[in-house]
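Survey of secondary and tertiary structure
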Amino acid sequence: MSFRTAVRQSNVLPVATVGAAAWLGLTVLQVVGTMDPLWGGESVGQTAVTGLVGALVIALSIGMLLVFLGELGHSSPKPQTWPPEE
């Protein structure tokens, strides 16, 4: 089953994908908001380095969701006819 077939059969899939991306975006803002300063912060708990790594992982997840939605717009390659027509 391709992505396009899945979307044709279920209209909830793109809405759920956009909702998941929005939720992950809000989570990134929450992680960045609760991070300690990069220099001079505590070395126990949620440090700046762990906050940056977490925000990077979530941002990559959002990027993968956007690529998934972008793939819905591409036409799939079609096989060539045999024998070739000239």
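Notes on the structure in this doc start here. The structure presented is a predicted model; accordingly, all values stated were derived computationally and were not measured. (Residues numbered from 1 in each chain as written. Predicted model: local features only at pLDDT ≥ 70, side-chain atom pairs only at ≥ 80, totals over all residues. Heavy atoms only, no water.)

So, the nonpolar core
To keep it simple, the criterion reads: What we call a nonpolar core is a set of buried Ala, Val, Leu, Ile, Met, Phe, Trp, Tyr and Cys residues that are connected through their side-chain atoms within 4.5 Å. Exposure is judged per residue with a 1.4 Å probe applied to protein chains only, and the accessible area is read against the type maximum: over 50% gives exposed, under 20% gives buried, and values in between give partly exposed. Numbering goes from the N terminus for both helices and strands, where a helix is a DSSP run of H or I of at least four residues and a strand is a run of E of at least two. Contacts are assigned to residue pairs that have any heavy atoms within 4.5 Å of one another.
Judged by nonpolar contacts, Leu24, Val28, Ala55, Ile58 and Ile62 together constitute the single largest core of five residues. Of all the elements in the fold, those that place two or more residues in this core are helix 2 (12-34) and helix 3 (48-71). In terms of residue count, the dominant contributor to this core is helix 3 (three residues). In this view, Leu24 contacts Ile58, Ser61, Ile62 and Leu65; residues no more than four positions away in its chain are not counted.

Some details on helix 2
Heads up, the condition is: A helix is expected to span 1.5 Å multiplied by its residue count minus one.
Given a rise of 1.5 Å per residue, 23 residues ought to cover 33 Å, and the 33 Å separating the end C-alpha atoms of helix 2 matches this to within 8%. Among the residues making up helix 2, those that are buried are Thr17, Ala21, Leu24, Thr27, Val28 and Val31. If you follow the buried residues of helix 2, they end up packed against helix 3.

Overview of helix 3
Over its 24 residues, helix 3 extends 34 Å from the first C-alpha to the last, a length consistent with the 34 Å expected when each residue adds 1.5 Å. Residues Ala48, Gly51, Ala55, Ile58, Ile62 and Phe68 constitute the buried set of helix 3.

As for the environment of Leu13
Of note, Leu13 is situated in helix 2. Overall, Leu13 belongs to the partly exposed group, its relative accessible area being 29%. Taking the C-alpha atoms as reference, Leu13 lies 9.9 Å from Leu69; in sequence the two are 56 residues apart.

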